[in-house]
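Report on the structure
Each chain, letter by letter, is given below.
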Amino acid sequence: MMITDKTLYFGLMMLVIGIGLGIGCYYAICQARSQDGASAASEATFEALFRLCPEACVIFNVNTYTIRASNGLAEQWLGYREEELQRMKWDALDISERCAFFLPSNSDEQRGELRLRKKDQTVLIAEFIAKKKQFREEACWVVFFHDVTEAKRTEEAQAVLRDIDRRVLEEESIDQVLTAICEHITAVYDFPVAWISIRNVDGTLSVRAHAGVNVQLLEEVRLCWDEDTECAGPTVAVLRNGIALRVHDAGVADYCTNCERMLGLGFRYSVTLPLTAGGETIGALNICAKNQGHFNGEIIRELEQFAQRASLSLTASFRQWQSKWQAAALSAAANAIVITDRQGVIEWINPAFTALTGYTEMEAIGGTPRVLKSGRHEQAMYQQLWQTISAGHVWRGELINRRKDGSYYVEEMTITPVIDDQGAIIRYIAVKSDITERRQTEKALHDSEERLRRITDNASDLIVQTDGEMNVRYVNPAARNVLGLEPDDLKDQDFLARIHPQDAPAVTECVRMAKQSMSRQQCEFRYRHADGTYFWLEINITFLFDQQGQAVDAIFLARDVSLRKQAENELYAAKQMAEAANQVKNEFLANMSHEIRTPMNAILGMTELLLEGTLDKEQREMAKTVYRAGENLMNLVNDILDFSKLEAGQLQIDHTPFSLTETIQEVKDSLSAQATRKGLQMELALATHLPKRVIGDPWRIRQILLNLLGNALKFTAVGSVRLLVEPIAEVDGKMEVRFQVEDTGIGIAQKDQEKLFQPFTQVDGSTTRRFGGTGLGLVFAKRLVESMGGKIGFSSTEGEGTIFWFIVPFDLMHNTTTTDPFSLSDYSKTISGTIDRRVLDELSELQLDGQPDVIIQLIQLFSLDMKERMAALAEAVSRKDLPLIISQAHAMKAECLNIGAVALSEIYREIEIEAKNQRGGNLESWLAQSNIEYRQVMVELEQISLSRKQRGE
């Protein structure tokens, strides 16, 4: 098919858009060849660029047309392997008339449109650019081409349909129109055979138009038909039923001997479409092909459009129906059609015109097409258009017009003058098609390619494209900074070859996962720099797949993360050192605190006994000084111990039933004497609806209140200290209780308030000297509150006083009428004594008259059980059996609390924590301390038991 000026124009436009990158590679190849055609380096560069060119390329001898080389895209698009192509000649591929461009006498550079026969016998339409060059000491054509088959076929199909519309409007003969349809079908879709059969009045069939085959051949396959003939081929079926027969396979259908003859000619597959006129099927459009692949859904739909055009042409041949069917055909046309008189006044429009412009028939008729002018064109262009059609010539071109709603669109238009018998122009017919989307797509494609090129060229990260075997096809300029290599240095190289051997297996697995999962994968590895050193790369791998699901390319996005990896390693090492140092510190504090607390208990106990004896005034004052100093030291040790537990994450929160009101009252009672000595009023306000018993940790609540109330008393010289407790909300079986401590003390300056809740910190140095303390109390209180799921805060005015508050949630008890006398509820912990007598006193209240002494029995059971458990615990510690240590220590802790051995219980708590935290370094030390404390407990319990026995006698 000849390429018209218009087709060449659009072909060149598609060439610029579609093979922009290919031209760059083309000129690079030509430049490489022109610099030194004989040098080996130039030859290597030429072949490298040729192989990696992003467009298809074939090289063939100028004189013999023998194909000498082809790249991967050419082989992929044409369906041939490289060795197959090199056994062929170019003129076996090139079926277009452009083959004449490649004559030896032609100029050295050619460009235009090609039609190439693929291996599957389908046709590839391509835009090409070619130049004569020396290749392997031969004069050759180097041809670059770009697949535009789909776009060209769509464009040609639309052009054909417009041509048919034009022929119908110009009232060409029916045979001319039908012949044009057959010729267009074979030309556009490369079908070998197309013909149109029309039923005669006598019932026989006549071939009225054909292309690709002569009438004698058609007669040989007996396409004539009448009702009495046994022949029942595809045409017969369509004429009988009036329904299109799609993709008929002559090799499997049982129609007639004609099928065998068609197979003998190589035409196995066919499509037969009905042609109608006046509502009656009067003929059929037949298309044959050797491969079923010729007939896809889109092509069949377009063939149906040709059949529709043929039907309209047949209708026009019936004179009595000419006006009716011509109007129907124009109205049904896909393109907008406008008919004007010779002055340009609109006489008729079809519905497609309204759909395109928004103007209805009532609005358009009587007006002129000038209503569509957009102002985007020079007046000279319109003058040239009018001069062309006024001279009786057809005008074809593109216009930017404006719709009724003000929006702009691009249309392709053909204006044909209608001339009467005297040669005078009587009207004009304009056929319009909207090509806005096509132009926008073309522009978007061009802009996208340009934007992508700029992005890749200016990206700081390394971008690498490889084939399925990891051989590099493309590298962006970032290779210079990241790898120290020129992009060309990596071409055709295995990208993974420079990976550190130790990292290669992991990277190979990462690549495998990316290909298998068809998703992006990320990994980090060491890569060899141009200077021989290794550095860290972070890459994202994505594979590109063809329509068959085969991986064709891999995209690597790589970034140098050496500095980050170095920082991570340094940070990890510093973290390990800090954790180790912190662990040593915490273990040291815990051990030392316990080591100090044991002799301090003895000092306090002995001093208390000394004060109960007969002392003169001076001795008593000295003993009191020793006792107060011991208490202060004990409090300091306890603060340090608790803080070390917090820092080591060993602090546990109990969940046990207890009396909230009694716990609060005990705290108040324990501090009342201190308040009295300072002349302060100590007030307690409990809300009436405060629950009496809840589930929580009474010891921690007592610690927080003692800390806050102790601080209030410490920093208040005149006035009062008040404790307010009230419930604020109940949610999901939990009661939130607010505790508020108010004082009239010295207050806290605004500038010092931010220092609160910081370890070992008080508002200023003078406070430390005047009031004492470690500065850990508020920190400990805050962390305890937060550990119980609560929050803490304060407000203060310097010189007026301070309010500290905290809110803690407690689980509510479902039954508060009964208690377990042997549970942890309502016990009072105290570190200063070995046995908390109040626990035993509470048990004594359960004693029934005439029954054995429950305290004596409890002491005996405790003694027997603890001996067995201590032996089992010692054995577990020696074997490092952590689960058994945890269970034994937990049970022994509970037994100690039941009998009031609080200090011993605390030791077993520490043993349980050590085992739970997977640490065993201090277990032997804790076990030794428990043995010492146990002996002291048993001495006191034996005294209690003896005393009760004596009272019972």
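The rules behind each value
- Residues numbered from 1 in each chain as written.
- Predicted model: local features only at pLDDT ≥ 70, side-chain atom pairs only at ≥ 80, totals over all residues.
- Heavy atoms only, no water.
- Helix = DSSP H or I, 4+ residues; strand = E, 2+ residues; numbered from the N terminus.
- Contact = heavy atoms within 4.5 Å.
- Pairing = 2+ DSSP bridges.
- Axes fitted to C-alpha atoms, helices over the stretch in contact; angles between N-to-C directions.
- Salt bridge = Lys/Arg side-chain N within 4 Å of Asp/Glu carboxyl O.
- Buried < 20%, exposed > 50% of the residue type's maximum accessible area, 1.4 Å probe, protein only.
- Core = buried A, V, L, I, M, F, W, Y, C linked by side-chain atoms within 4.5 Å.
- Expected span 1.5 Å × (residues − 1).
- Parallel < 35°, antiparallel > 145°, perpendicular 65-115°, else oblique.
- Nonpolar A, V, L, I, M, F, W, Y, C, P; charged D, E, K, R; others polar.
- pLDDT = per-residue confidence, 0-100.
- Phe/Tyr/Trp six-rings, centres within 6.5 Å; stacked < 30°, edge-to-face > 60°.
- Lys NZ or Arg CZ within 6 Å of the ring centre and 35° of its normal.

Within the secondary structure, serine 863 is located in helix α28 (residues 854-879). Setting aside its immediate chain neighbours within four residues, serine 863 contacts Tyr934 and Met938.

Our focus in this paragraph is the sheet that holds strand β16 (residues 462-467). Strand pairing in a sheet is mediated by backbone hydrogen bonds. Such pairs are either parallel or antiparallel. If you walk across this open sheet you meet the five strands as β17-β16-β20-β19-β18, and the pairing is antiparallel. Two strands bound the open sheet, and with one partner strand each, they are β17 (472-475) and β18 (521-528). Between one strand axis and the next, the sheet turns by 30 degrees as a mean value, whatever way the strands run. Where β16 and β17 come together, three bridges link them in antiparallel fashion. Among the inter-strand pairings, glutamine 465 is bridged to a residue of β17, identified as tyrosine 474.

Next up on the list: the pattern of salt bridges. Summed over all chains, the structure comprises 38 salt bridges. When the shortest N-O distance is used, the salt bridge between aspartate 553 and arginine 473 registers 2.6 Å. Placement of aspartate 553 in strand β20 (residues 551-560) and of arginine 473 in strand β17 is noted, with a sequence separation of 80 residues between them. With a relative accessible area of 9%, aspartate 553 lands in the buried category. Residue classification places arginine 473 among the partly exposed residues on the basis of a relative accessible area of 35%. For the salt bridge of glutamate 683 with arginine 722, the shortest nitrogen-to-oxygen distance reads 3.7 Å. With glutamate 683 in strand β22 (residues 681-686) and arginine 722 in strand β24 (residues 720-731), this residue pair connects regions lying 39 residues apart in the sequence. One network of salt bridges, with partners in common, ties together Glu524, Glu538, Arg564, Lys565 and Glu568.

A separate point is the nonpolar core. Core analysis: the largest hydrophobic core is formed by 37 residues, its most contacted members being Leu660, Phe739, Phe806 and Phe810. Listed by contribution, the elements that provide at least two residues to this core are α23 (660-677), α24 (698-714), β24, β25 (734-743), α26 (777-787) and β27 (801-812). If one sorts the elements of this core by residue count, α24 sits on top with seven residues. If you look at the next biggest cluster of nonpolar residues, it comprises 33 residues, including Val160, Ile174, Phe191 and Ala194.

As judged from the two bridges shared by strand β23 (residues 693-696) and β27, these two strands associate in the antiparallel manner. Its bridge partner being in β27, isoleucine 695 is matched across the sheet by aspartate 811. For β25 and β27, the ladder comprises ten bridges, and the chain directions are antiparallel. Paired with valine 741 across the two strands is phenylalanine 804, which belongs to β27. Inspection of the sheet shows strand β26 (residues 791-797) paired to β27 by seven bridges, in the antiparallel sense.

Note that β16 and β20 share six bridges and pair antiparallel. In the sheet register, leucine 462 faces β20, and the bridge partner there is alanine 558. Linking two consecutive strands that pair antiparallel, namely strand β19 (residues 534-545) and β20, is a turn of five residues; a positive phi of about 80 degrees is found at glycine 549 within it.

Every α-helix carries 3.6 residues per turn, so stepping three or four residues along brings you back to the same face. For helix α29 (residues 882-899), which comprises 18 residues, the first-to-last C-alpha distance of 26 Å matches the rise-based estimate of 26 Å (1.5 Å per residue) to within 8%. Buried within α29 are the following residues: Leu882, Ile885, Gln888, Ala889, Met892, Lys893, Glu895, Cys896, Leu897, Asn898 and Ile899. Glycine 900 occupies a position one or two residues after α29 and carries a positive phi of about 95 degrees.

What follows concerns the packing of helix α7 (residues 149-169) against helix α8 (residues 174-189). Here α7 crosses α8 at 175 degrees, and the two axes come no closer than 11 Å. By the angle between their axes, α7 is roughly antiparallel relative to α8. When α7 is examined against α8, the residues Arg153, Glu156, Ala157, Val160, Asp163, Ile164, Arg167 and Val168 are found in contact with a partner set consisting of Gln176, Val177, Ala180, Ile181, His184, Val188 and Tyr189. Broken down by class, the residue content of the contact of α7 with α8 amounts to nine nonpolar, two polar and four charged.

With 78% of its residues at a pLDDT of 70 or more, the protein chain has an overall mean of 78. Considering only residues more than four positions removed or in separate chains, one finds that residues 1-21, a stretch of pLDDT under 50, has 40 contacts. Scored below 50 in pLDDT, residues 222-231 makes 23 contacts in the model with residues more than four places away or belonging to other chains.

Spatial ordering of the open sheet is given by β12-β11-β15-β14-β13, a layout of five strands whose pairing is antiparallel. The outermost strands of the open sheet, each flanked by one partner alone, are β12 (346-349) and β13 (395-402). Taken over all neighbouring pairs, the strand axes of this sheet differ in orientation by 30 degrees on average, direction set aside. Looking at chain direction, strand β14 (residues 408-419) and strand β15 (residues 425-434) are connected through nine bridges and run antiparallel.

For the structure on display, the rule yields 13 aromatic pairs. Taken together, Phe495, Phe525, Tyr527, Phe535 and Phe556 form an aromatic cluster joined through their ring pairs. Here the guanidinium or amino end of lysine 373 rests over the ring plane of tyrosine 382, the centre of that ring lying 4.5 Å away. A cation over a ring is seen here: lysine 565 above tryptophan 536, with NZ or CZ 4.5 Å from the ring centre.

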